Amino acid sequence: MSGPGYGGTGSNLAMMVAANDTLRRTAQEQGVSAELLQPYLTLMARRLADGHGAESGTGVVDLLTG
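Quick caveat: nothing in here was measured; it's all calculated off a predicted structure. For every chain, the first residue of the written sequence is number 1, and numbering continues from 1 onward in sequence order. At least 70 in pLDDT is required for a residue's local features to be given in this predicted model, at least 80 for side-chain atom pairs to be given and counted, and no such filter applies to totals for whole chains, interfaces and linings, which use all residues. Excluding hydrogens and water, the side-chain values take into account all heavy atoms of the structure.

Draft legend 1. Here's a closer look at the packing of helix α2 (residues 20-29) against helix α3 (residues 38-49). Throughout, an axis means a line fitted to C-alpha atoms (over the contacting stretch in the case of helices), and angles, computed between N-to-C directions, take values from 0 to 180 degrees. The numbering of helices and of strands both runs from the N terminus, where a helix is a DSSP run of H or I of at least 4 residues and a strand a run of E of at least 2. Look at α2 against α3: their axes get within 11 Å of each other, and the N-to-C directions meet at 165°. The angle between α2 and α3 falls in the class roughly antiparallel. Considering only the axes of α2 and α3, their crossing is left-handed. Judged by residue contacts, N20, L23 and R24 of α2 engage Q38, L41 and M44 from α3. In what follows, roughly perpendicular refers to angles from 65 to 115 degrees, roughly parallel to angles under 35, roughly antiparallel to angles over 145, and oblique to any angle outside these ranges. Left-handed describes a crossing whose near helix is turned anticlockwise from the far helix through less than a right angle; right-handed describes the clockwise counterpart. Contacts: residue pairs with any heavy atoms within 4.5 Å of one another.

So this is what it looks like as structure tokens:
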């Protein structure tokens, strides 16, 4: 599955996935549930595993379609 080219000017997907553990830990430390974020974080990791680390997080949408 390949999207229309999800480049961007911000952090790429590989960088965002690398920060997911920090995001989860920070939420826990602040007493905030990461329950709502978890499905998105899982999709991000899946998209990265599919070889799309250089794109933005927008490419995750491709996993929801098709």
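That covers the picture; the talk isn't over yet.
Draft legend 2. Representation of the pattern of salt bridges in the model. Salt bridges are defined as contacts in which a side-chain nitrogen from Lys or Arg sits within 4 Å of a carboxyl oxygen from Asp or Glu. Summed over the entire model, instances satisfying the criterion amount to 3 salt bridges. Of the charged contacts in the structure, one is a salt bridge between R24 and D21, with a shortest N-O distance of 2.7 Å. Of this pair, R24 and D21 both sit in helix α2, 3 residues apart, which is roughly one turn of the helix. Note on classification: 1.4 Å probe, protein chains only; a residue is buried when its accessible area is under 20% of the maximum for its type, exposed when over 50%, partly exposed between these limits. Taking the relative accessible area as the measure of exposure, D21 reaches 52% and is therefore exposed.

This is a description of form; function is not addressed.
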